[in-house]
Amino acid sequence: IDVPDPSALFLTDRRAGLPGSIVAPVLEGARPLLVEVQALVNSSTAPMPRRSAQGLESSRLAMLLAVLDARAGVSVADVDVYASVAGGVRVIEAGADLAVAIAVASARIGVAVPDDLVAIGEIGLGGELRQAGQTPRRLAEAARLGFRRAIVPASSAGVEGIELIRVGSVVEALAAVGLSVDQQRAAS
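Residues numbered from 1 in each chain as written. Predicted model: local features only at pLDDT ≥ 70, side-chain atom pairs only at ≥ 80, totals over all residues. Heavy atoms only, no water.

Asks: Looking at this model, I keep getting lost on the overall build of the chain. Mind explaining?
Replies: Looking only at helices and strands, the chain features six helices and nine strands. Each of the 188 residues in the chain was classed as buried or not, and the buried ones make up 49%. Counting only carbon and sulfur atoms, one obtains 52% of the accessible surface of the chain, whose full area is about 8,600 Å². (Helix = DSSP H or I, 4+ residues; strand = E, 2+ residues; numbered from the N terminus. Buried < 20%, exposed > 50% of the residue type's maximum accessible area, 1.4 Å probe, protein only. Areas by Shrake-Rupley, 256 points an atom, 1.4 Å probe, with all protein chains shown as cover.)

As C-alpha cells, this is what we get:
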C-alpha cells in the first residue's frame, strides 16, 4: 500500500517535551524523510556499560559517544546508552550524527530539546560539524511539516520557511539547544 506522506506517519506518535528526543531529516534513497531519534541514558554498575543502537550503526554510535565525552564534556563512560530511530527506519548515513549526539546529551542531562527543532549534520572526530548531502531538500521537508528551526553546520545554505541556527561544533550545537556541561554535572 502506498504511503502518501511517510514523514508525517513516522512522527504521528511522537511525544513532545521528553528528554532524549529530536527529529532528524534523513535521506531514504533520494527522498527526504523526517524521523525521531531517541536516546535513553541509565546508570550502570557493569564494568563495561551497555551500548545499544536500534536503526543506527553501532560503530557510529560508539564514535559519537567518544566525541561527546572527549570534545563536548558530556560524560557517558559510566552509563548505559540506548539510541534508537523510532518507527523501525534504518539510518545508515552520517547526516543524522548531530541528532544522535543531541538526543544522547539531552537524555544524559535530563533536559528536553524544543519540539519545533530539527538537527542535520555530520560530526567529525574533532567535534566539528560537516555538511550533510542535500541539506536544502531536508530543510524544505522539515519546513513543510511545520518545523520552524534547524541546527545545521555553519556553511549551510538557507531555505525559506525555516530559521537556521548555524554552528561549527557539537559544543556550539549543545549550547544552542540549552544543553550545557554544567547542567550535566548538576544532574549527576
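So much for the structure itself; the text now carries on.
Asks: Before we go on, may I ask you to explain empty space enclosed by the protein in this structure?
Replies: The gaps left among the atoms become clear once a water-sized probe is rolled over them. Inspection of every chain in the model, using the stated rule, returns one cavity of 30 Å³ or more. Surrounding the largest cavity, L56, E57, R60, L61, L64, V91, I92, E93, A96, D97 and V100 form its lining. Put simply, the parts of the chain that give the lining of the largest cavity at least two residues each are α2 (58–72) and α3 (97–109). Residues of the lining of the largest cavity, tallied by class, amount to seven nonpolar, no polar and four charged. (1 Å grid on protein atoms, 1.4 Å probe; cavity = no way out; pocket = protein on both sides within 12 Å on 5 of 7 lines; lining within 4 Å. Points joined across faces, edges and corners; volume = space filled by probe spheres on them. Nonpolar A, V, L, I, M, F, W, Y, C, P; charged D, E, K, R; others polar.)

Asks: Just to check I follow, could you spell out unusual backbone geometry for this structure?
Replies: Trans is the prevailing form of peptide bonds, just as negative phi is the prevailing case for residues other than glycine. Backbone geometry places Q134, a non-glycine residue, at a positive phi of 55°. In this structure, Q134 sits in the loop between β7 (129–130) and α4 (135–144). Given the relative accessible area of 37%, Q134 is considered partly exposed.

Asks: Any chance you could explain the environment of V37 here in plain terms?
Replies: Here V37 lies in strand β2 (residues 31–43). Separated by 66 residues in the primary sequence, V37 and A103 have C-alpha atoms spaced 6.8 Å apart.

Asks: Sorry, what's going on with the packing of α2 against α3 here?
Replies: When two helices pack together, their arrangement is given by the angle between the helix axes and the distance between those axes. One way to put it is that α2 packs onto α3 with a least axis distance of 10 Å and a crossing angle of 60°. Judged by the angle between their axes, α2 and α3 are oblique. As α2 runs across α3, the sense of the crossing is right-handed. Along the contact surface, α2 presents R60, L61, M63, L64, L65 and L68, while α3 presents D97, V100, A101 and V104. Across the contact of α2 with α3, the residue classes tally to eight nonpolar, no polar and two charged. (Axes fitted to C-alpha atoms, helices over the stretch in contact; angles between N-to-C directions. Parallel < 35°, antiparallel > 145°, perpendicular 65-115°, else oblique. Left-handed = near helix turned anticlockwise from the far one by under 90°. Contact = heavy atoms within 4.5 Å.)

Asks: Would you mind going over the pattern of salt bridges with me for this structure?
Replies: Between side chains of opposite charge, a pair can form as their charged atoms come close. Per the stated rule, a full pass over the model turns up seven salt bridges. For R60, the salt bridge is made with D97, and the minimal N-O distance between the two is 2.5 Å. Placement of the pair is R60 in helix α2 and D97 in helix α3, with a sequence separation of 37 residues. Overall, R60 belongs to the partly exposed group, its relative accessible area being 24%. A salt bridge links E93 to R138, with the shortest nitrogen-to-oxygen separation between them at 2.7 Å. Taken together, the positions of E93 in the loop between β4 (79–85) and α3 and R138 in helix α4 put the pair 45 residues apart, joining distant regions of the chain. Look at the salt bridges and you will find they share partners, linking R60, D97 and E122 into a network. (Salt bridge = Lys/Arg side-chain N within 4 Å of Asp/Glu carboxyl O.)

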